[in-house]
Number of protein chains: 2
Amino acid sequence: MCLIMDSEDDHHNNNDGTDVLSPPFNFSMVEDGIYRSGLPRPDNFAFLDTLNLRSIIYLCPEPYPEENLKFLEANNIKLFQFGIEGKTDPPTPMPKDTVLDALKVLVDVRNHPILIHCKRGKHRTGCLVGCLRKVQSWCLSSVLEEYQKNAGLQWRQRDLNLIEAFDIVSLRKCLLSIMYRYHGYGFKRRRLAYEEEKVQTPKPQAAKV
Amino acid sequence: MCLIMDSEDDHHNNNDGTDVLSPPFNFSMVEDGIYRSGLPRPDNFAFLDTLNLRSIIYLCPEPYPEENLKFLEANNIKLFQFGIEGKTDPPTPMPKDTVLDALKVLVDVRNHPILIHCKRGKHRTGCLVGCLRKVQSWCLSSVLEEYQKNAGLQWRQRDLNLIEAFDIVSLRKCLLSIMYRYHGYGFKRRRLAYEEEKVQTPKPQAAKV
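Because the structure is predicted, anything quoted here is derived from the model rather than measured. (Residues numbered from 1 in each chain as written. Chains lettered and ligands numbered in written order. Predicted model: local features only at pLDDT ≥ 70, side-chain atom pairs only at ≥ 80, totals over all residues. Heavy atoms only, no water.)

Draft legend 1. Inspection of the pairing of strand 7 (residues 114–117) of chain B at higher detail. Residues and elements named next belong to chain B. Of the two faces of strand 7, the one carrying Ile-114 and Ile-116 and the one carrying Leu-115 and His-117 are both buried. Strand direction decides the pairing type here: strand 5 (residues 55–58) and strand 7, joined by 4 bridges, are parallel. Residue pairing for strand 7: Ile-56 is matched across the bridge by Leu-115. (Buried < 20%, exposed > 50% of the residue type's maximum accessible area, 1.4 Å probe, protein only. Helix = DSSP H or I, 4+ residues; strand = E, 2+ residues; numbered from the N terminus. Pairing = 2+ DSSP bridges.)

Draft legend 2. Region of the structure containing the pattern of salt bridges. Enumeration according to the criterion identifies 10 salt bridges over all chains in this entry. Taking the shortest distance from any N to any O, the salt bridge between A:Glu31 and A:Arg133 comes out at 2.6 Å. Of this pair, A:Glu31 sits in strand 3 (residues 28–31) while A:Arg133 sits in helix 4 (residues 124–135), and the two are 102 residues apart along the sequence. Judged by its relative accessible area of 6%, A:Glu31 is buried. Judged by relative accessible area, A:Arg133 falls into the buried class, the value being 3%. Across the pair B:Asp159 and B:Arg158 runs a salt bridge whose closest N-O atoms are separated by 3.2 Å. Given a relative accessible area of 0%, B:Asp159 falls into the buried group. With relative accessibility at 22%, the residue B:Arg158 sits in the partly exposed group. Several salt bridges converge on common partners, so that one network encompasses A:Glu31, A:Arg133 and A:Glu146. (Salt bridge = Lys/Arg side-chain N within 4 Å of Asp/Glu carboxyl O.)

Draft legend 3. Structural view of the side chain of B:Lys122. Its place among the elements puts B:Lys122 in the loop between strand 7 and helix 4 (124–135). Lacking a salt bridge, the buried B:Lys122 has A:Glu145 as its closest oppositely charged neighbour, with an N-O distance of 8.6 Å. Within the local environment of B:Lys122, its side chain forms a polar contact with the side chain of B:Gln154, the two groups lying 2.7 Å apart. The contacts of B:Lys122, once residues within four sequence positions are left out, are B:Phe25, B:Asn26, B:Arg36, B:Tyr147, B:Asn150, B:Ala151 and B:Gln154. (Lys, Arg positive; Asp, Glu negative; His and termini not counted. Polar contact = N/O pair within 3.5 Å; in protein donor to acceptor, adjacent residues only side chain to side chain. Contact = heavy atoms within 4.5 Å.)

Draft legend 4. Seen up close, the environment of A:Ile163. Residues and elements named next belong to chain A. Structurally, Ile-163 can be placed in helix 6 (residues 157–165). Residue Ile-163 is classed as buried on the basis of its relative accessible area of 0%. Along the chain, Ile-163 and Glu-62 lie 101 residues apart, while their C-alpha atoms are 24 Å from each other. The contact partners of Ile-163, leaving out residues within four places of it in the chain, are Gly-126, Cys-127, Gly-130, Lys-134, Val-143, Leu-144 and Tyr-147.

Draft legend 5. Structural detail: the environment of A:Gly83. All names here are of chain A. You can see Gly-83 is positioned in the loop between strand 6 (78–81) and helix 3 (96–106). Given the relative accessible area of 47%, Gly-83 is considered partly exposed. With 10 residues separating them along the chain, Gly-83 and Pro-93 place their C-alpha atoms 13 Å apart.

Draft legend 6. Quick peek at helix 4 of chain A. Residues and elements named next belong to chain A. Taking 1.5 Å per residue, 12 residues should reach 16 Å; helix 4 reaches 17 Å between its end C-alpha atoms and fits that length. Of all 12 residues making up helix 4, 12 are buried, and the element is well covered by its neighbours. Here helix 4 has its buried residues at Arg-124, Thr-125, Gly-126, Cys-127, Leu-128, Val-129, Gly-130, Cys-131, Leu-132, Arg-133, Lys-134 and Val-135. Just beyond helix 4, the residue with positive phi is Ser-137, at close to 70 degrees. (Expected span 1.5 Å × (residues − 1).)

Draft legend 7. Highlighting helix 3 of chain A. Among the residues of helix 3 of chain A, those classed as buried are A:Val99, A:Leu100, A:Ala102, A:Leu103, A:Val105 and A:Leu106. On the buried face of helix 3 of chain A, the contacting elements are strand 4 (34–37), strand 5 (55–58), strand 6, strand 7 (114–117) and helix 4 of chain A.

Draft legend 8. A look at the nonpolar core. Counting 104 residues, the largest nonpolar core has A:Ile57, A:Leu103, B:Ile57 and B:Leu103 as its most contacted members. With residues up to four places along the chain from it excluded, the contact list for B:Leu103 reads B:Leu128, B:Cys131, B:Leu132, B:Val135, B:Phe166 and B:Leu171. (Core = buried A, V, L, I, M, F, W, Y, C linked by side-chain atoms within 4.5 Å.)

Draft legend 9. Representation of unusual backbone geometry in the model. Here the bond from A:His112 into A:Pro113 is cis, since omega is -5 degrees, no more than 30 degrees from zero. With respect to the helices and strands, A:Pro113 occurs in the loop between helix 3 and strand 7. Despite not being glycine, B:Asn26 has its phi angle at roughly 60 degrees, a positive value. Taking the relative accessible area as the measure of exposure, B:Asn26 reaches 3% and is therefore buried. Even without being glycine, B:Asn76 reaches a positive phi, approximately 60 degrees.

Draft legend 10. Representation of the packing of helix 5 (residues 140–151) of chain A against helix 6 of chain A in the model. Residue and element names in this part refer to chain A. Orientation of helix 5 relative to helix 6, taken along the N-to-C sense of each, is 145 degrees, at an axis distance of 11 Å. Note that helix 5 runs across helix 6; the crossing there is right-handed. Along its contact with helix 5, which presents Leu-140, Val-143, Leu-144, Tyr-147 and Gln-148, the element helix 6 presents Asp-159, Leu-160, Ile-163 and Glu-164. Split into classes, the residues belonging to the contact of helix 5 with helix 6 amount to 6 nonpolar, 1 polar and 2 charged. (Axes fitted to C-alpha atoms, helices over the stretch in contact; angles between N-to-C directions. Left-handed = near helix turned anticlockwise from the far one by under 90°. Nonpolar A, V, L, I, M, F, W, Y, C, P; charged D, E, K, R; others polar.)

Here it is as structure tokens:
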């Protein structure tokens, strides 16, 4: 049984002759139009191509790899970089303001379909998705369960604390821009329509970010 | 920090006064319109309600819980039960034919949005999702990575073997019914349109299952 893939071989083949797609490490779907993963490598580009991405949120301070930049350019994908330090020695607190800035980009459907990634798709990506789940009214135990499932044995208490303490009230104004998308799920509930706020329909073509 | 939720309390409240939604244990999104989880409990019904489910694939031989049946009836959700034994002592092989039957229901978009669940959302559900990923041309290492992420420390070699050996060729005919859905992702690639087969558009209202 083969559990290890040869990274140099970027064109796989099934028994039946069809091409095989290789998602990035730790890939999964968060919501319709929102994906998460570790850093994509060239052998994942064919898979990414099927997602028709409009943007990527990259959560590391390191410059984006040259080959990934070329892929983005060729596919007209916008890059939003938020440099969050990944090192834990010395332990640095996750910067709340940066997470909030990334969340504002994330909830804007004009940027969807969007992929969030850091290096391994565990801590920085996990924090951002965790904060999104709070915005979606998920109960805290489920938010933390999802974080831990993706971080595996390397989950960090620091991240759980950030997610738990994260204040979603300040995000309310941005929510207007995602409403119609979440409403797309089911028209029975309009959970994100607070009070008497008017719903603005985002204009994917003409809108300014 | 609260990691344990009181199962009797099915109406939670956030700091800011909004209701809190509690997804079922081990919940995640597989694809647009396909979800997976462990057995939903009554305190998860408010969350399930937001998914606007059309059907549920239940993979255990035990009768469906009475309160869950009531929820399904009240929301007009169709139940597809495929009784796969969960016990491993004595070790029983996962029945390939039953997995194939479940997969046929799963790939039919007339049943979407659909939730797959067994008891813990790990082994039986993991096998079915793993076979779906093969149909989607995911490379085997990524399919197994996803299985293991959801099964955690309790992953079983038997399940990995089933997924690896599962023959997707027999499913080709059923693929016609999901094509337009997967095409919805991105119109650039028409990966599932094999050869010169004609694409049938499913008719959600009048179609026979």
